[in-house]
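# Observations on the model geometry
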Amino acid sequence: MSQKRLKLLAVSLGFLAIAPLFGLLIAELSVAVLDCRVSESGHSDCVIGGIDIGMLLAILYTGGWVSMISIPVAGLAALVCYAKYRDANLNNNQ
């Protein structure tokens, strides 16, 4: 695999590892700003611009649990790809 692809793969896996946390952060900030009450277990009313986004926020909250799997798995894969990229880069420089 080329160095460019290894670098791209490592960065992509790193973003994939922390993506569920971004969704959780967006949901938490939205709830704080809109002063809504959202629970993962049921429907909540959170209206913005005439559109109820309570279910979307509940999905983002629930998606935060995916980070318990994505951070270790995708994070480890990103570390392995980065180590291979670094080794290949060092070998080409010698």
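Note that the structure is predicted; figures quoted are calculated from it, not measured.

## What about the state of the cysteines?
The tally for this structure, following the rule as stated, stands at one disulfide. Here C36 is linked by a disulfide to C46, with a sulfur-sulfur distance of 2.0 Å. Its S-S torsion of approximately 65° makes the covalent link between C36 and C46 right-handed. With a gap of 10 residues between them, C36 in the loop between α1 (3-34) and β1 (47-48) and C46 in the loop between α1 and β1 connect regions that are remote in the sequence.

## With respect to the nonpolar core
Soluble globular proteins tend to pack their nonpolar side chains together in the buried interior. Counting residues in each nonpolar core, the largest one holds nine residues, listed as A27, V31, C36, V38, C46, I53, L57, A58 and Y61. Of all the secondary-structure elements, those providing two or more residues to this core are α1 and α2 (54-63). Discounting chain neighbours no more than four positions away, the residues touching C46 are L34, C36, I51, D52, I53, G54 and L57.

## Notes on a nonpolar patch on the surface
A cluster of nonpolar residues, V11, F15, I18, L21, F22, L25, L29 and I71, forms a patch on the protein surface that exposes about 710 Å² of accessible area. Tallying contributions element by element places α1 first for the nonpolar patch, with seven residues. Look at I71 and you get partly exposed, because its relative accessible area is 35%.

## A word on the packing of aromatic side chains
In total, this model carries one aromatic pair according to the counting rule given. When the ring of Y82 is compared with that of Y85, the centres are 6.2 Å apart and the planes differ by 40°; the resulting orientation is tilted. In this pair, Y82 and Y85 are both assigned in helix α3 (residues 67-93), three residues apart and thus about one turn of the helix distant. Accessibility expressed as a relative area gives 17% for Y85, which makes it buried.

## A word on α2
Regarding α2, the residues found buried are G54, L57, A58 and Y61. Looking straight down α2, one finds that the buried residues subtend no more than 100° of arc, so they occupy a single side. Tucked inside the fold, the buried residues of α2 contact α1 and β2 (51-52).

Each value, and the rule that gives it
- Residues numbered from 1 in each chain as written.
- Predicted model: local features only at pLDDT ≥ 70, side-chain atom pairs only at ≥ 80, totals over all residues.
- Heavy atoms only, no water.
- Disulfide = S-S within 2.5 Å.
- Helix = DSSP H or I, 4+ residues; strand = E, 2+ residues; numbered from the N terminus.
- Core = buried A, V, L, I, M, F, W, Y, C linked by side-chain atoms within 4.5 Å.
- Buried < 20%, exposed > 50% of the residue type's maximum accessible area, 1.4 Å probe, protein only.
- Contact = heavy atoms within 4.5 Å.
- Patch = residues over 30% accessible without salt bridge, like charges linked within 9 Å, V, L, I, M, F, W, Y side chains within 5 Å.
- Areas by Shrake-Rupley, 256 points an atom, 1.4 Å probe, with all protein chains shown as cover.
- Salt bridge = Lys/Arg side-chain N within 4 Å of Asp/Glu carboxyl O.
- Phe/Tyr/Trp six-rings, centres within 6.5 Å; stacked < 30°, edge-to-face > 60°.
- Arc of directions from axis to C-beta.

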